[in-house]
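# Summary of the model geometry
Single-letter residue listing:
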Amino acid sequence: RHLEELNLKKNKLYFLPKEICQLSELKILNLAANKLTTLPTEIADLTHLSKLDASGNHINSISSSILLPTSLVDLNFSNNQLDLLPDSICALFNLSQLELDGNKLTQLPNEFGKLTNLSHLTISQNDFIIFPLQITKLHKLKELGFGGNQLTYLPPEFGNLRELENINLASNLLSTLPKEISNLQNTTELILSRNGLANFPSSILELNRLQN
């Protein structure tokens, strides 16, 4: 019961027994690269859990009845089959890092902007056509990965993300950038390869800290 870290990575687990949720002192749980399709509803009982890695499984939905521990700081659902995130994810106010790469997402929950402590967000290789305005409310965001989607347009509100340092928008369908991108004065890396840019956006010249 005093176990703090449990690593079950790269096994052949199809489900997680609910008894694991009795490990009340657990802080790190690694479930990556298994065959899970869901998580036990009791997972909210892990009230000390700060890091959960469920990447590389077969999770296609997270039931609204599954509440994730609000103690989570680092959450990884990359390379699953998620097409929708539950509203309950917006209650993870301590979350600093969220990885959702390689899913089938097309939208984010309406209250996603409440994740105000989020500094690292990656949603590359999904099915977004429209950039979610909820992200522009994440004013502490320093790293954003949004490559490999189908974006044709970035809203002017993108310029509100003034703390952004690393931005990956590669492999989208962007033909232009909003002039407000010049507001991102902390940006040191901006990746725009494999888009449809017809002209060099002059606003990039105002990003004085840009290195790459």
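Refer to the preceding data block for the structure.
Just so we're clear, the structure is a prediction, and the values are computed from it rather than from any experiment.

## Observations concerning the sheet that holds strand E2 (residues 28-30)
The nine strands lie next to each other as E1-E2-E3-E4-E5-E6-E7-E8-E9, forming an open sheet whose pairing is parallel. Looking at strand neighbours, the two that pair on one side only are strand E1 (5-7) and strand E9 (189-191), the edges of this open sheet. Strand-to-strand, the axes of this sheet are offset by a mean angle of 5°, without reference to chain direction. As paired strands, strand E5 (residues 97-99) and strand E6 (residues 120-122) are joined by three bridges and run parallel to one another. Counterpart to Gln97 in the pairing with E6 is His120.

## Some thoughts on the environment of Glu206
Structurally, the position occupied by Glu206 is in the segment after E9. The class of Glu206 is partly exposed, set by a relative accessible area of 46%. When the C-alpha atoms of Glu206 and Leu13 are compared, they prove to be 50 Å apart, with 193 residues separating the residues in sequence. Beyond its immediate chain neighbours, meaning those up to four positions away, Glu206 contacts Ser182 and Gln185.

## A short note on the nonpolar core
Ranked by internal contacts, the top residues of the largest apolar core, which has 60 residues, are Leu52, Leu75, Phe77, Phe112, Leu121, Ile135 and Phe158. Sequence-distant contacts of Phe77, that is, excluding residues within four places in its chain, are made with Leu39, Ala54, Ser55, Ile59, Ile62, Leu68, Leu82, Glu99, Leu100, Asp101 and Asn103.

## Points about the environment of Leu13
Its location among the elements puts Leu13 in the loop between E1 and E2. For Leu13, a relative accessible area of 27% gives the class partly exposed. When neighbours within four sequence positions are excluded, Leu13 is seen to be in contact with Leu8, Asn34, Lys35 and Leu36.

Definitions and limits used
- All residue numbers here refer to positions counted from 1 along the written sequence of the relevant chain.
- This being a predicted model, a pLDDT of at least 70 is required before a residue's local features are given, and a value of 80 or more before pairs of side-chain atoms are given or counted; all residues contribute to the totals for chains, interfaces and linings.
- Working from all heavy atoms in the structure, the side-chain values ignore hydrogens and water.
- Only strands joined by at least two bridges in the DSSP assignment are considered to pair.
- For the purposes of this entry, the term helix denotes a DSSP run of H or I that reaches at least four residues, the term strand denotes a run of E that reaches at least two, and both are numbered from the N terminus.
- Helix axes are fitted to C-alpha atoms over the stretch in contact, other axes to C-alpha atoms as well, and angles between N-to-C directions run from 0 to 180 degrees.
- Exposure is judged per residue with a 1.4 Å probe applied to protein chains only, and the accessible area is read against the type maximum: over 50% gives exposed, under 20% gives buried, and values in between give partly exposed.
- When checking whether two residues touch, look at their non-hydrogen atoms; a contact exists if any pair is within 4.5 Å.
- Nine residue types can take part in a nonpolar core, namely buried Ala, Val, Leu, Ile, Met, Phe, Trp, Tyr and Cys, and a core is a set of them joined through side-chain atoms within 4.5 Å.

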